[in-house]
Amino acid sequence: MAEPADRVATHVVLRGRVQGVFYRNWTVEQALELGLDGWVRNRNDGTVEALFAGPPAAVADMVTRCHRGPTHARVTEVDATPGSDPGATGFHKLPTV
């Protein structure tokens, strides 16, 4: 496992047309491609929420990808804040909250 200094965690909330457009599944694919840990889920307010953890460059790349999203998404806002590293847990889709 990487040393803690070699990992960061970022919590993001995505707004726009981000539900019903394959956003969560796309996020899982992208995060696994980058070797990230964390999760993604829909929220009842119409946003998508995610936590990305791993090497700083990979987390930054994932946040950048979130601005684009999958083909049918229209992301209008990405709020990114520091998060708590869940450790090496893989990347998962969680139920809506």
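Please read these numbers as outputs of a predicted model, since none were measured by experiment. (Residues numbered from 1 in each chain as written. Predicted model: local features only at pLDDT ≥ 70, side-chain atom pairs only at ≥ 80, totals over all residues. Heavy atoms only, no water.)

**What to know about the UniProt feature "active site" (unreviewed entry) in the protein**
Here is the rule: UniProt positions are given in the numbering used here, feature names are shortened, and annotations may be inferred rather than shown by experiment. In DSSP terms, a helix is any run of H or I states spanning at least four residues, a strand is any run of E spanning at least two, and both are numbered starting from the N terminus. Type-normalised accessible area, obtained with a 1.4 Å probe on protein chains alone, sets the label of each residue: buried when under 20%, exposed when over 50%, and partly exposed for intermediate values. Contacts are residue-level and defined by heavy atoms, with any inter-residue pair within 4.5 Å sufficient.
Summarizing the sequence annotation, UniProt attributes the feature "active site" (unreviewed entry) to R24 and N42 in the numbering used throughout. A maximum C-alpha distance of 7.6 Å places the annotated residues, which cover 19 residues in sequence, within one compact spot. Residue placement: R24 occurs in helix α1 (residues 23-34). Summarising the element assignment, N42 is placed in strand β2 (residues 37-42). Residue class for N42 comes out buried when judged on its relative accessible area of 10%. For N42, the contacting residues outside a window of four places in its chain are Q19, R24, T47, V48, P95, T96 and V97.

**Looking at the packing of aromatic side chains**
Where we set the bar: Here a pair means two rings of Phe, Tyr or Trp (six-membered ring of Trp) with centres within 6.5 Å. Their orientation is stacked below 30 degrees between planes, edge-to-face above 60, and tilted elsewhere.
Under the counting rule described, the total for this entry stands at 2 aromatic pairs. When the centroid spacing of 5.4 Å and the interplanar angle of 65° are considered together, the rings of Y23 and W26 count as edge-to-face. Separated by 3 residues within a single helix, Y23 and W26 lie in helix α1, roughly one turn from each other. Taken individually, Y23 and W26 each receive the classification buried, so the pair is uniform in this respect. Ring centres of F52 and F91 lie 5.7 Å apart, and the angle between their planes is 10°; on these two criteria the pair is classed as stacked. One end of the pair, F52, is in strand β3 (residues 48-54); the other, F91, is in strand β5 (residues 91-93), with 39 residues separating them in the sequence.

**Description of the pattern of salt bridges**
Stated precisely, the cut-off is as follows: By salt bridge we mean one thing: a side-chain nitrogen of Lys or Arg within 4 Å of a carboxyl oxygen of Asp or Glu.
Enumeration over the complete set of coordinates arrives at 9 salt bridges. The partner of E77 in a salt bridge is R15, with the nearest N and O atoms 4.0 Å apart. One end of the pair, E77, is in strand β4 (residues 74-82); the other, R15, is in strand β1 (residues 8-17), with 62 residues separating them in the sequence. Note that D45 and R43 form a salt bridge whose closest N and O atoms lie 3.2 Å from each other. The class for D45 is exposed, based on a relative accessible area of 52%. If you follow the salt bridges from partner to partner, you end up with R41, R43, D45 and E49 in one network.

**Observations concerning the pairing of β1**
Rules: A pair of strands counts as paired when DSSP detects no fewer than two bridges linking them.
With 7 bridges joining them, β1 and β3 adopt antiparallel strand pairing. If you follow H11 over to β3, its bridge partner there is L51. Where β1 lies against β4, 8 bridges are found, and the strand directions are antiparallel. Bridging from a neighbouring strand, R15 pairs with E77 of β4.

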